[in-house]
Amino acid sequence: MSEPDYGTRQLRRARYAVAAVFCVHGSVTGSFATRVPWIQEHAGVSAGQLGLALAFPAIGASVAMPLAGAVSHRFGARAALRGLLALWTLSLVLPALAPNLVTLCAALFVYGATSGMSDVAMNALGVEVENRLGRSIMSGLHGMWSTGALIGSAAGTLAAHLGADARLHHALAAGVLTVLGLVFCQGVLDLRSTPDEEPPPRFALPPKPAVLIGLVGFCAVFAEGASLDWSAVYLRDELETSAGLAAACTTAFALTMAVARIAGDKVVDRFGAVRTVRVGGVLATLGGLLVVTSAHPAQAMAGFGCLGLGIAVVVPLAFAAAGRSGANPSLAIAGVATITYTSGLIAPSAIGAIADATSLVASFGLVTALAFGLVVFAGVLRGRGHISARPAFEDEPAGRSTATPARGAGATDRHLP
C-alpha cells in the first residue's frame, strides 16, 4: 500500500517531527553518558572491564542496523520508527540495573542494538523529507541530535550532583522520553512498501557506493571521537593546563559541533554538499595542524574549534548521500552507519595506543591526515539525486521538488524498501 500525497504543510510538519525525534534520540545518549561512573561503581567493574563493556553498544548497533530496513518494510516507516524509538528509550534503564560485567555487557549490547536500528529508521525518514522538500535538512536534524545530547547531559549532570540513584534517574528519563517519542512519531511520514515489493535482506553487505560514502564519514567520526575523548587530556598533558580549562575545551568543541550542524543546512543549500565538505576538510586540516603545532592553550583550543566546525556537517551529508545512492536507502544508510559506528569505536583506543607508543602529538597527526581525506574524497557525496542548491517552490505538490531523488528514496518511487 502506498502512502498518501503530502503537501508543503504536511512536509514541514514531518520535518519538525523527525527533528524532535532526533532530539529525543540524542537525549538518551546524553542521559546515559553522564551516569557511566555510577554504573561502573554499581556493577563493580574496573576501568579496563568498563572499556570492554563500552564496546558492546557499537557491536550491538553494527549487528542490528541492517534489520531496520526489514522492520520498516513490514510495518511501515512510521510504525517502525515508533516501535524502534520506544525500544531505544526504554533500553536506557538496562545498564543501571546490571550487577556485574556480564549483565552490563548484555545490557549495553541491547542498548546499542536498539539505538542503531532507530538511528537508521529516523535517518531514512529524514532523507525522504529532504528529498521531497528539495533542500538540505540533514545537518539541522543532526544538530537537533546534538542538542538533545546536551539536554540529556545537563539533566544527568544535575542528577549526579544531587546524588540521585541512576536506576531512578534513568527510569524517569526513559518514561518521559518514551512518551515524547511516541507523540513526535505521529507527525513523521507514513511511508509503506507496495504489496508486491520484495522485502530487503535481513543481513547483506552494504552496496559499494555506501562503502565509499562511509569512508568519508569514517574520517569525520574518527576526528570527532578523538577530539571529544582526548582534547582535555591533550591540553592537560601536552600544554599543562588546569583541569577546568581542559574540560572547557571539550565542552566548547561539543557546542561548536552542535551550532555548526544547526546552521549547516543553509551553507549546504548555497554551496552544495561536495564543496561544503571540501572546505570543511580544509578547515579541519588547518585545525589539526594548529593542535599539533600548539605551544599555547589558546592555539590548541582554536585548533579543536576549527576541527569541530570542519567536520560538523560531514556525517549528516554522508547519511543523505547514502539515502540517495541507490534503490535501497535503508540498506545504504545502515552500511554508512555501521562504518561510522566502527570509527567511533576504534578512534579513542587508537589515539591512546599511538600516544603510548609515541605521543599525543603524533596521534593528532593521524587525525589531521584523516581530516585532509575529507578534501580528497568529498566527491563521493555527489551521488545520484543530490539535492539542488535551489529550494523547492512553496506551491509544489508533494514528491515534485527541484531535487531528483534516486529510485526508492524519493519522489520517483515513494516507498521505503
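The structure under discussion appears in the preceding block.
Residues numbered from 1 in each chain as written. Predicted model: local features only at pLDDT ≥ 70, side-chain atom pairs only at ≥ 80, totals over all residues. Heavy atoms only, no water.

1. A short note on the overall build of the protein
The helix and strand tally for the protein stands at 17 helices and zero strands. Of all 417 residues assigned to the protein, the portion counted as buried reaches 54%. The contacts of the protein with a sequence gap of at least 6 include a subset with a gap of at least 24, amounting to 84%. Accessible area for the protein stands at about 16800 Å²; split by element, carbon and sulfur atoms hold 66% of it. (Helix = DSSP H or I, 4+ residues; strand = E, 2+ residues; numbered from the N terminus. Buried < 20%, exposed > 50% of the residue type's maximum accessible area, 1.4 Å probe, protein only. Contact = heavy atoms within 4.5 Å. Areas by Shrake-Rupley, 256 points an atom, 1.4 Å probe, with all protein chains shown as cover.)

2. Some words on the packing of helix H8 (residues 101–133) against helix H16 (residues 329–357)
Taken N-terminus to C-terminus, the directions of H8 and H16 make an angle of 130°; their axes are 9 Å apart at the nearest point. Classified by the angle their axes make, H8 and H16 are oblique. Between H8 and H16 lies a crossing of right-handed hand. Taking contact as the criterion, the partners of Ser115, Gly116, Asp119, Val120, Asn123, Ala124 and Val127 in H8 are, on H16, Ser330, Ile333, Ala334, Ala337 and Tyr341. Classifying every residue of the contact of H8 with H16 gives seven nonpolar, four polar and one charged. (Axes fitted to C-alpha atoms, helices over the stretch in contact; angles between N-to-C directions. Parallel < 35°, antiparallel > 145°, perpendicular 65-115°, else oblique. Left-handed = near helix turned anticlockwise from the far one by under 90°. Nonpolar A, V, L, I, M, F, W, Y, C, P; charged D, E, K, R; others polar.)

3. Regarding the environment of Glu224
With respect to the helices, strands and loops of the structure, Glu224 is situated in helix H11 (residues 208–238). Sequence separation between Glu224 and Met257 is 33 residues, and the spatial gap between their C-alpha atoms is 9.0 Å.

4. A closer look at helix H5 (residues 67–75)
Among all positions in H5, only Ala68, Gly69, Ala70, Ser72 and His73 are buried. Among the structural elements, helix H4 (56–64), helix H6 (77–90), H8 and H16 are those in contact with the buried residues of H5. Of the residues trailing H5, Gly76 is marked for its positive phi of about 90°.

5. Section: the packing of H11 against helix H15 (residues 314–323)
As a packed pair, H11 and H15 sit with axes 9 Å apart at the nearest point and diverge in direction by 165°. Comparing their axes, H15 and H11 come out roughly antiparallel. H11 and H15 meet at a crossing whose hand is left-handed. Side by side, H11 and H15 meet where Ile213, Val216, Gly217, Ala220 and Val221 of the first sit next to Val314, Val315, Ala318, Ala321 and Ala322 of the second. Split into classes, the residues belonging to the contact of H11 with H15 amount to nine nonpolar, one polar and no charged.

6. What to know about H4
Taken together, the buried positions of H4 are Pro57, Ala58, Gly60, Ala61 and Ala64. The buried residues of H4 all sit within an arc of 160° when viewed along its axis, so they share a single face. Tucked inside the fold, the buried residues of H4 contact helix H3 (47–53), H5, H8 and H16. (Arc of directions from axis to C-beta.)

7. Quick notes on the environment of Pro66
Structurally, the position occupied by Pro66 is in the loop between H4 and H5. The exposure class assigned to Pro66 is buried, which follows from its relative accessible area of 15%.

8. Quick look at the pattern of salt bridges
Inspection of every chain in the model, using the stated rule, returns five salt bridges. Taking the shortest distance from any N to any O, the salt bridge between Arg261 and Glu224 comes out at 3.7 Å. You can see Arg261 sitting in helix H12 (residues 243–271) and its partner Glu224 sitting in helix H11, a full 37 residues away along the chain. (Salt bridge = Lys/Arg side-chain N within 4 Å of Asp/Glu carboxyl O.)

9. Re the packing of aromatic side chains
Considering all chains together, one arrives at six aromatic pairs under this definition. Aromatic side chains Phe32 and Tyr111 sit 4.9 Å apart centroid to centroid with 40° between the ring planes, which places their arrangement in the tilted category. Here Phe32, found in helix H1 (residues 8–33), pairs with Tyr111, found in helix H8; they are 79 residues apart in sequence, far enough to count as distant. Both residues of the pair, Phe32 and Tyr111, count as buried. Ring centres of Tyr234 and Phe304 lie 6.1 Å apart, and the angle between their planes is 80°; on these two criteria the pair is classed as edge-to-face. You can see Tyr234 sitting in helix H11 and its partner Phe304 sitting in helix H14 (residues 297–311), a full 70 residues away along the chain. Across this residue pair, the class does not change: Tyr234 and Phe304 are buried. (Phe/Tyr/Trp six-rings, centres within 6.5 Å; stacked < 30°, edge-to-face > 60°.)

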